[in-house]
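A look at the structure
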Amino acid sequence: MQAPTLDRSPDTAETTRKLRVATASLSGCFGCHMSLLDIDARITELVKLVEFDRSPITDIKTCGPCDIGLVEGAVANSENVHVLRELRANCQILIALGACAVNGGLPAQRNHLDVGEMLEDVYRDIDEGLPCVPDDPELPLLLDRVRPVNEVVRVDYFIPGCPPSGDTLWKYLTDLIGGRMPRLDYDLFRYD
Ligand code: SF4
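The text that follows walks through the structure, step by step, so that each part is easy to find. As the structure is a computational prediction, the values presented were derived from the model and not from experiment.

Section: the overall build of the protein chain
Across its full length, the protein chain holds 6 helices and 7 strands. Counting from the amino terminus, the protein chain carries its helices and strands in the arrangement β-α-α-β-β-β-α-β-α-α-β-β-α. Projected onto its principal axes, the C-alpha coordinates of the protein chain cover approximately 70 × 35 × 35 Å. Buried positions account for 42% of the 192 residues belonging to the protein chain. Sequence-distant contacts in the protein chain: of pairs separated by 6 or more residues, those separated by 24 or more amount to 76%. On the protein chain, the mean spot of the 19 positive side-chain charges and the mean spot of the 31 negative ones are 9 Å from each other.

Some thoughts on the site of the ligand
Taken together, G28, C29, G31, C32, E72, G98, A99, C100, G161, C162 and P163 make up the full set of residues adjacent to the ligand. Of all the cavities here, the one that holds the ligand is the second largest pocket. Elements that contribute at least two residues to the shell around the ligand include exactly helix 1 (31–37) and helix 4 (99–103). Here the shell around the ligand is built from residues that sort into 6 nonpolar, 4 polar and 1 charged.

About the thresholds
Within each chain, residues carry numbers counting from 1 in the order of the written sequence. The predicted origin of the model limits local features to residues at a pLDDT of at least 70 and limits the giving and counting of side-chain atom pairs to 80 or more, whereas totals for whole chains, interfaces and linings rest on all residues. Only hydrogens and water are set aside when side-chain values are computed; all heavy atoms of the structure are taken into account. Helix and strand definitions follow DSSP, with helices as H or I runs of at least four residues and strands as E runs of at least two, each counted in order from the N terminus. The classification of residues rests on relative accessible area computed with a 1.4 Å probe and restricted to protein chains. Under 20% of the type maximum is buried, over 50% is exposed, and intermediate values are partly exposed. In what follows, a contact means two residues having at least one pair of non-hydrogen atoms within 4.5 Å. His is not counted here, nor are the chain ends, while Lys and Arg score as positive and Asp and Glu score as negative. Charge placement uses NZ in Lys and CZ in Arg. For Asp and Glu, CG and CD serve respectively. Proximity is defined per residue: if any heavy atom of the residue lies within 4 Å of a molecule or strand, that residue is considered near it. Method remark: on a 1 Å grid restricted to protein atoms, a set of points is classed as a cavity if a 1.4 Å probe fits but cannot get out and as a pocket if it is open with protein on both sides within 12 Å along at least five of seven lines; lining residues have an atom within 4 Å of a point. Molecules are considered to sit inside a cavity or pocket once more than half of their atoms lie within 2 Å of its grid points. Gly falls in the polar group here, along with every residue not listed as nonpolar (Ala, Val, Leu, Ile, Met, Phe, Trp, Tyr, Cys, Pro) or charged (Asp, Glu, Lys, Arg).

None of the figures reported here should be taken as evidence of function without further support.
The structure is reproduced here in C-alpha cells:
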C-alpha cells in the first residue's frame, strides 16, 4: 500500500487552508522535538503553513482532528499507548519520528531485563535498602517490553535518526505540506 499524501490540489481552498499538526513525545528524550526547533528561522515560515494541535509546544491537552501527527519516542508504558492511539485516531498521516519511535531505540535496551526485577533494583528504600516500587494508581504501568510505534498502531512514514536533523524534518514536512510524497536525499538520511 502506498503511503498517503495530503490533497493540496490547486484551485481549491485546500491550498490555502492551514494544516493542523499534532506532536507527542512518548518514551523519548525530547531530542527529536529539539530538532524540530532546529529548523531555526524557518519556524516562522512553518507557522504560516500550519497550526499546532496537541504538542509539547502548545497547551492543548487532547488531540483534535489533524492532518499530520509526529510521534517521538518508543512505547514503554500504558500512557504511551493511550496517547499514541489518540494521535492515530485523529491524524490523517502519522509519522514515527526518530530511532526510538522507529525501532524502540535506546529505551529498548531494557528489553532483555525482567521489568519487575529492574524496578526492584532501581527503587530502594533509602534506610533499609529494601525494594520500594512506586504503586500509586496515577502512575502509568510499564509494559513488559519497549515497542516501536508501529507495533501498536499503523504508521504512514518513518524518519530515522537520533535525532533526525532539522534540515531533514524541514524537507519532510515541506514535501508533505505541499502535497508531495516526501523524498530525502542521501545526506539527509541517518540512523545515528
Ligand atoms: S530518537 Fe534519539 S533524540 Fe529522538 S527521542 Fe529517541 S533518544 Fe531522543
